[in-house]
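# Examining the three-dimensional arrangement
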Amino acid sequence: MFTLKITVLITVIVSLNYELCFCGCAHAEYKIDRQCCPMCAPGNRVLWHCTDDTSTTCVPCPELTYIDEPSGFTKCFTCTMCDENRGLSVNKACTRSSDTVCGPLKGFYCPERNKGSCTFAVKHSECSPGQYIKQAGTGSTDTVCADCEGDTYSNGSFSSCLPHTKCEALGLTETNPGTKSSDSECGNPPALAIIISSVIVTLILITVVSVLTIIYIRKKKHPKHSGKLYSVCSEYNYEIYSCFI
Ligand SMILES: *[C@@H]1O[C@H](CO)[C@@H](O)[C@H](O)[C@H]1NC(C)=O
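On a predicted model such as this, the values are computed, not experimentally measured, just so you know. Each chain has its residues counted from 1, running along the sequence as written. Selection of residues for local features in this predicted model requires a pLDDT of at least 70, selection of side-chain atom pairs for listing and counting requires 80 or more, and totals for whole chains, interfaces and linings are taken over all residues.

## A closer look at the overall build of the protein
By the criteria applied, helices consist of DSSP H or I runs no shorter than four residues and strands consist of E runs no shorter than two, each listed in order from the N terminus. Summing up its helical and strand segments, the protein has 3 helices and 16 strands in all. Taking all 245 residues of the protein together, the buried fraction comes to 14%. Residues are scored as being in contact if the C-beta atoms we place from backbone atoms lie within 7 Å. Contacts in the protein between residues far apart in sequence, at least 24 positions, make up 30% of those at least 6 positions apart. Between the buried cut of 20 or more and the exposed cut of 12 or fewer other C-beta atoms within 10 Å of a residue's own C-beta lies the partly exposed class, and all C-beta atoms are placed from the backbone.

Right under this line is the structure:
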């Protein structure tokens, strides 16, 4: 009784397996109208199914179509177009026996692939000011950004954070402290600034004093209320200033 059960079970499993795996036809054959026909090779489609007397008639796929496996298909598939609007470009052109392989455009990465071909691509992220590019984006990964730390800065496009310029070490003074996204700014040292400003002040003083002196001398040369004295002086041919002593 037990042996019979096992035998029945095995028979069922084997016949089921046969149905599933071979589907009634031998390997490299397809079933059509209850008949098994030999498949066409990749790159070819069925023109005429086989008959009792003839084998399958196959013809090559037309241009821009393909079949990438042995089959009983009567139509070839249209080659995939790599859409630039989806960030894609052609990696490998379509052949009769293989579909186009698309890849990401430069500056894009591919988050999703199907049979090795990119289905859509995304632009690499840009790092913000204050961050550096820790890992540049590739065809399959996005850019990795990281924050600047300590006394360093990056405008978002550096591959590492640069240390702030030390103005003092250059003999300059810091006119603007550095930030995470910008360098410090240096100016002239105080000593030089003082020298320059003193020279300017001195020049202004000299100019002012000279102008005042000239005005003063001119006024004395033409005094308003000393007509009498002036005439006396000129009569005696005195020096102008000696008249007033
Ligand atoms: C960052 O600085 C570099 C060189 O100093 C410059 O070429 C680049 O355009 C800057 N990038 C940004 C985002 O400001």
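## A few points about the nonpolar core
Note on definitions: a nonpolar core is a set of buried residues drawn from Ala, Val, Leu, Ile, Met, Phe, Trp, Tyr and Cys, linked by C-beta atoms within 7 Å. Grouped together as the largest cluster of nonpolar side chains are 8 residues: Cys82, Leu88, Cys102, Phe108, Tyr109, Cys110, Cys118 and Ala121. At the level of secondary structure, the elements contributing two or more residues to this core comprise β9 (108-114) and β10 (117-123). With 3 residues, the top contributor of residues to this core is β9. Excluding anything up to four places from it in sequence, Leu88 contacts Cys82, Asp83, Cys102, Pro104, Leu105, Cys118 and Ala121. Core analysis: the next-biggest nonpolar cluster, separate from the first, contains 6 residues, Tyr132, Ile133, Cys148 and Tyr153 among them.

## Side note on the environment of Leu47
Looking at the element boundaries, Leu47 is found in strand β3 (residues 44-48). Spatially, the C-alpha atoms of Leu47 and Phe73 are 9.1 Å apart, while their sequence positions differ by 26 residues. Ignoring anything within four residues of it in the chain, the contact list for Leu47 reads Thr57, Cys58 and Val59.

Read these as geometric descriptors, not functional statements.
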